[in-house]
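These are the residues of each chain, in order.
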Amino acid sequence: MARVKAVCISEKKGTMKHEVPEIQVRRDHGIVGDAHAGKWHRQISLLGDESVEKMREKFPDIPIGAFAENILTEGLTLYQLPIGTRLRVGETLLEVTQIGKECHADCEIRRKVGDCVMPREGIFTKVLEEGTIRAGDAITVEPGDALC
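Okay, so let's go over this structure. If you're wondering where the values come from, they're calculated on a predicted model, not measured in any experiment. (Residues numbered from 1 in each chain as written. Predicted model: local features only at pLDDT ≥ 70, side-chain atom pairs only at ≥ 80, totals over all residues. Heavy atoms only, no water.)

The next point concerns the nonpolar core. Core analysis: the largest hydrophobic core is formed by 23 residues, its most contacted members being I23, I44, I71, L76, L81, L87 and I133. Taken together, the elements giving at least two residues each to this core come down to β1 (2–9), β3 (22–26), β5 (44–48), β7 (86–89), β8 (92–99), β9 (123–129) and β11 (138–141). At four residues, the largest contribution of residues to this core is made by β1. The contact partners of I71, leaving out residues within four places of it in the chain, are V4, A6, V7, I23, I44, S45, L46, L47, L94 and I133. In terms of nonpolar packing, the next biggest core, distinct from the first, is built from eleven residues, A6, I62, A66 and L72 among them. (Core = buried A, V, L, I, M, F, W, Y, C linked by side-chain atoms within 4.5 Å. Buried < 20%, exposed > 50% of the residue type's maximum accessible area, 1.4 Å probe, protein only. Helix = DSSP H or I, 4+ residues; strand = E, 2+ residues; numbered from the N terminus. Contact = heavy atoms within 4.5 Å.)

Right, here's the structure in full:
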């Protein structure tokens, strides 16, 4: 079963995020208190712990949030989900809007760690249904989507 391993925010774009007990997500906004919130298609970033593990082979002390992920997941290969896939995450509903991204030239994560998996394996979503997300929450692909 896929689940949320951790939730993170940052107050400034381009920096590592820090783990928090829970996040509040709002439609047409994203995460309350996160620098990337706003009415756009990349409201929430997700990255699989399986992707982070590849980097931990070289850098074992990488903290949660180092790749600027809002939600660290486990048990689901996120970058294989097609755009438009809807994910039930705890009590919320998110829609995949982008797979991967271009990394900032001055990315703090790349400078500190030497590489960044987010551009290759991270995904971005927008909020369809509001609520709270916490570590331990289940993640399911909604019926009718490609990977059910």
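Don't stop here, the text continues.
Attention now moves to the pairing of β11. A one-sided burial pattern is seen for β11, the buried positions being I139 and V141 and the unburied ones A138 and T140. Across two bridges, β1 lies against β11 in antiparallel orientation. The residue bridging A2 from the neighbouring strand is I139, located in β11. Here three bridges tie β7 to β11, and the two strands are oriented antiparallel to one another. (Pairing = 2+ DSSP bridges.)

Glancing now at the pairing of β1. Buried residues dominate β1, accounting for six of its eight residues. With four bridges connecting them, β1 and strand β6 (residues 71–74) associate as antiparallel partners. Looking at β6, one finds that V7 is bridged to I71.

With that out of the way, let us pick up the packing of aromatic side chains. Two numbers describe a pair of aromatic rings. These are the distance of the centres and the angle of the planes. By the definition in use, this model includes zero aromatic pairs. Looking at K13, its charged tip hangs above the ring of W40, at a distance of 5.5 Å from the centre. Here R42 stacks its cationic end above the ring of F124, 4.6 Å away from the centre of that ring. (Phe/Tyr/Trp six-rings, centres within 6.5 Å; stacked < 30°, edge-to-face > 60°. Lys NZ or Arg CZ within 6 Å of the ring centre and 35° of its normal.)

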